[in-house]
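Close look at the chain arrangement
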Amino acid sequence: MEIWGVVNVTPDSFSDGGEFFSHDAAIAHGRSLREQGATVLDVGGESTRPGAHPIGAGEELRRVLPVIEALASDGAVVSVDTYRAEVAERAITAGARIVNDVSGGIEDPRIFDVVAAGDAEIAIGHWRGPSADMYATAQYSRVGDEVAAELLRRVEAARTAGVRDEQIILDPGIGFAKTPEQSWAALRELDAISALGFRLLIGVSRKRLLTTALGDDASTGRRDLATAVTSVLTARAGAYGVRVHDVVGTVDALAVLDAWDGAPVAGSTKVPGAAGAPDADGSGMIELTGLRVFGHHGVFDFERENGQEFVIDLHISLPMAQAARTDDVTDTVHYGEVADRVAAIVAGEPVNLIETLAHRIGGAVLADERIEFVGVTVHKPQAPIEQRFDDVSVTVMRTQGAPPSGEGTSTR
Ligand code: PMM
């Protein structure tokens, strides 16, 4: 799982008290997070905490650009935490590869054009308005479904601007336009968002919702411990990544999860000063999308007879540190071979339901024991539906040794 380490270059962030405001200190902090095992460094110049006041683009740029430049030139994967297109654009030029927009393009829709032009990735956060009045908009009847529906609208806006699906990461925006109870509900109902088929990033680190479990006066240390626990739960839910302040806690918690699951564990190679950092955790994702295969699945006779095209998306997570070190394809999963295996299933024995098909594909992919997690989406864009529609799909998420979970159907 990806671990986003927070590098706040703000004087007023609630969680680090502005300790890392100077450029040198922020750069040093980012480097140390990377050594501890952060796989992405998320550099932000403006606090988004409830009640925080916005700064201008000029001040934001002054804060973040030197930090992004230095960390990117180290070779780190840098994300810029901004909702301003202008800042995103300059940050990409300075070396940022990801734009982390908590407003999901609502504040400054041009941000999607910038991401498309710069071929960056974008984390689209769920958001209903600026932090000063965000609780005013915290009204839901079913949090998971509403967050998923609103995120999907943002995805559509991104696509319209030319952003490809594989550039998109979704984030339920924990604490944004949500009370602590609603934030917990969003996490509980994460499947609704996973079913959209995108990578999922979760940021609960040190946030107020944790006080529901710990009490109002919980110290930063106790919030960090609680955050590490949520990182494990997030990994279990099949997410792509977590955004955390305390990287060591999450690295250790995930190492315990690996041990529990019987995965080879790198021991303490991820903690500061030890060999093998910064990517000793090494989990990565292979994404194979838009695999088109002709098959004969369906409940109707004419579907069985005539057949139709199915489109498959695969998200495969596995340890990658060794392959990155050896540069040898036998140390990773060969995506061409996976594509062949999946195509054979889709072209093979017909089944009634795309749920069954997705499930079979997931099982076949997991036959390679190095694979920790697979998300399979089967699209059936020519399904026999009388209404006008774009697509219907089913997503199945499976982890090694665990029963299938998180199935969802969507039309989009
Ligand atoms: N939360 C904060 C800032 N940026 N970005 C993403 N993608 N997701 C989040 O939940 C998120 C974020 C809150 O601010 P902090 O840095 O002060 O904790």
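Use the structure listed above.
Small disclaimer: the values here were computed from a predicted structure and weren't measured. (Residues numbered from 1 in each chain as written. Predicted model: local features only at pLDDT ≥ 70, side-chain atom pairs only at ≥ 80, totals over all residues. Heavy atoms only, no water.)

**Let's talk about the overall build of the protein chain**
Our working definition: Elements are defined by DSSP. Helices are runs of H or I of four residues or more, strands are runs of E of two residues or more, and each kind is numbered from the N terminus. Each residue gets one of three labels from its accessible area relative to the maximum for its type: buried under 20%, exposed over 50%, partly exposed in between, using a 1.4 Å probe on protein chains only. The contact criterion used throughout is that any non-hydrogen atoms of two residues lie within 4.5 Å. Using a 1.4 Å probe, the Shrake-Rupley method yields the accessible areas, and only the shown protein chains count as cover for residues.
Each helix and strand counted, the protein chain has 14 helices and 13 strands in total. Taking all 412 residues of the protein chain together, 54% fall into the buried category. Across the protein chain, every contact between residues at least 6 apart in sequence was considered, and the portion connecting residues at least 24 apart equals 64%. Of the roughly 17400 Å² that the protein chain leaves accessible, carbon and sulfur atoms contribute 52%.

**Things to note about the sheet that holds strand 1 (residues 2–8)**
Convention followed: Two strands qualify as a pair provided DSSP detects at least 2 bridges between them. Convention adopted: a line fitted to C-alpha atoms gives each axis, helices being fitted over their contacting stretch, and angles between N-to-C directions are expressed from 0 to 180 degrees.
Pairing in this closed barrel of 8 strands is parallel, and the strands run 1-2-3-4-5-6-7-8 around the ring. Averaged over all adjacent pairs, the angle separating strand axes in this sheet is 25°, with direction ignored. Of the pairings in the sheet, the one linking strand 3 (residues 78–81) to strand 4 (residues 98–101) comprises 3 bridges and is parallel in character. Bridging across to strand 4, Val80 finds its partner in Val99. Packed on one face of the sheet, helix 2 (residues 57–73) meets strand 1, strand 2 (40–44) and strand 3 and runs near 160° to strand 2.

**Let's talk about the site of the ligand**
Stated precisely, the cut-off is as follows: Working definition: residue near molecule or strand if any one of its non-hydrogen atoms lies within 4 Å of it. Whenever two N or O atoms come within 3.5 Å, that pair is a polar contact, provided that in protein one can donate a hydrogen and the other can accept it, and provided that, for residues adjacent in sequence, both atoms are side-chain atoms. Throughout this entry, Asp, Glu, Lys and Arg are counted as charged residues, while Ala, Val, Leu, Ile, Met, Phe, Trp, Tyr, Cys and Pro are counted as nonpolar. The remaining residues, Gly among them, count as polar.
Around the ligand sit 16 residues in total, of which Asp81, Asn100, Asp171, Lys207 and Arg243 are the nearest. Contacts to the ligand include Asp81, whose side-chain N or O atom sits 2.8 Å from a nitrogen atom. Measuring from a nitrogen atom of the ligand, one finds a side-chain N or O atom of Asp171 at 2.6 Å. Protein contact buries 97% of the 420 Å² of open area that the ligand shows by itself. The residue inventory of the shell around the ligand, partitioned by class, reads 5 nonpolar, 7 polar and 4 charged.

**Comments concerning the nonpolar core**
Heads up, the rule is: In this description, a nonpolar core means a group of buried Ala, Val, Leu, Ile, Met, Phe, Trp, Tyr and Cys residues linked to one another through side-chain atoms lying within 4.5 Å.
Judged by nonpolar contacts, the single largest core of 71 residues is most densely connected at Val43, Ile68, Ile122, Ile168, Leu170 and Ile193. Among the elements that take part in this core, helix 2 stands out by supplying 9 residues, more than any other. When neighbours within four sequence positions are excluded, Ile168 is seen to be in contact with Ile122, Ile124, Val155, Ala158, Val163, Phe198 and Arg199. Of all hydrophobic cores here, the second largest spans 26 residues; its members include Phe310, Leu314, Leu357 and Val378.

**Here we look at helix 2**
Defined as follows: A helix's residues, less one, multiplied by 1.5 Å, set its expected span. For a residue, the bend is simply the angle between two axes, fitted respectively to the seven-residue segment ending there and the seven-residue segment starting there.
The terminal C-alpha atoms of helix 2, which comprises 17 residues, lie 23 Å apart, in line with the 24 Å expected from a rise of 1.5 Å per residue. Where helix 2 bends most, the angle comes to about 35°, and this point is Val64, followed within four residues by the proline Pro66. Taken together, the buried positions of helix 2 are Ala57, Glu60, Leu61, Arg63, Val64, Leu65, Val67, Ile68, Ala70, Leu71 and Ala72. Packing partners of the buried residues in helix 2 comprise strand 1, helix 1 (23–36), strand 2, strand 3 and helix 3 (85–93). Remark: Gly75 follows helix 2 within two positions and exhibits a positive phi of approximately 100°.

**A short note on the packing of helix 2 against helix 3**
What counts, and what does not: Angular relationships are summarised with four words: roughly parallel below 35 degrees, roughly antiparallel beyond 145, roughly perpendicular across 65 to 115, and oblique for the angles in between. If you view the pair so one helix is near and one far, a crossing is left-handed when the near helix is turned anticlockwise from the far one by less than a right angle, and right-handed when it is turned clockwise.
One way to put it is that helix 2 packs onto helix 3 with a least axis distance of 10 Å and a crossing angle of 20°. With respect to helix 3, the axis of helix 2 lies roughly parallel. Of the two possible hands of crossing, helix 2 and helix 3 adopt the one that is right-handed. Contacts from Ala57, Glu60, Leu61, Val64, Leu65 and Ile68 in helix 2 reach Glu86, Val87, Arg90 and Ala91 in helix 3. Tallied by class, the residues present in the contact of helix 2 with helix 3 amount to 7 nonpolar, no polar and 3 charged.

**Looking at the packing of helix 13 (residues 335–347) against helix 14 (residues 354–366)**
For the pair helix 13 and helix 14, the least separation of the axes is 10 Å and the interaxial angle reads 145°. Both helix 13 and helix 14 take part in a crossing whose hand is right-handed. Residue-level contacts link Val338, Arg341, Val342, Ile345 and Val346 of helix 13 to Leu357, Arg360, Ile361, Ala364 and Val365 of helix 14. Residue classes in the contact of helix 13 with helix 14 are distributed as 8 nonpolar, no polar and 2 charged.

**A closer look at a nonpolar patch on the surface**
Cut-off, in case you're wondering: Patch rule: a residue counts if its relative accessible area is over 30% and it has no salt bridge; like charges are joined within 9 Å, and nonpolar side chains (Val, Leu, Ile, Met, Phe, Trp, Tyr) within 5 Å. Throughout this description, the term salt bridge denotes a Lys or Arg side-chain nitrogen within 4 Å of a carboxyl oxygen of Asp or Glu.
On the surface, a nonpolar cluster with roughly 370 Å² of combined accessible area is contributed by Val299, Phe300, Phe302 and Leu353. Mapped onto the fold, Phe302 is located in helix 11 (residues 301–306). For Phe302, a relative accessible area of 43% corresponds to the partly exposed category.

**As for helix 13**
Put simply, the rule is: Taken from the helix axis, the directions to the C-beta atoms give the arc we talk about.
Along its 13 residues, helix 13 runs 18 Å from first to last C-alpha, staying within 8% of the 18 Å computed at 1.5 Å per residue. Along helix 13, the residues that are buried comprise Val338, Ala339, Val342 and Val346. Mapping the buried residues of helix 13 onto a view down its axis gives an arc of 100°, with all of them on the same face. Here the buried face of helix 13 lies against strand 9 (283–295), strand 10 (308–319) and helix 14.

**Structural notes on empty space enclosed by the protein**
Applicable threshold: Of the two site types, the cavity is a set of points on a 1 Å grid over the protein atoms alone where a 1.4 Å probe fits but cannot get out, and the pocket is an open set with protein on both sides within 12 Å along at least five of seven lines, each lined by residues with an atom within 4 Å of a point. Grid points are joined across faces, edges and corners, and a volume is the space filled by probe spheres set on the points. Boundaries between domains were set according to an automatic or database domain assignment.
The full count for this structure, using the stated rule, is 2 cavities of 30 Å³ or more. One number sums up the size of the largest cavity: a volume of about 160 Å³. The set of elements that each furnish at least two residues to the lining of the largest cavity consists of strand 7 (199–202), strand 11 (373–379) and strand 12 (392–399). Class assignment of the residues belonging to the lining of the largest cavity gives a composition of 8 nonpolar, 7 polar and 1 charged. Counting the residues that make up the lining of the largest cavity, at least three belong to each of domain 1 (2–275) and domain 2 (278–411). The space that makes up the second largest cavity amounts to roughly 30 Å³.

**Description of unusual backbone geometry**
Non-glycine residue Ala177 carries a positive phi angle of around 55°. Along the polypeptide, Ala177 turns up in the loop between strand 6 (168–171) and helix 6 (180–188). When its relative accessible area of 1% is taken as the criterion, Ala177 is described as buried. With a phi close to 60°, Arg206 is a non-glycine residue in the positive phi region. You can see Arg206 is positioned in the loop between strand 7 and helix 8 (210–214).

None of this, on its own, says anything about what the molecule does.
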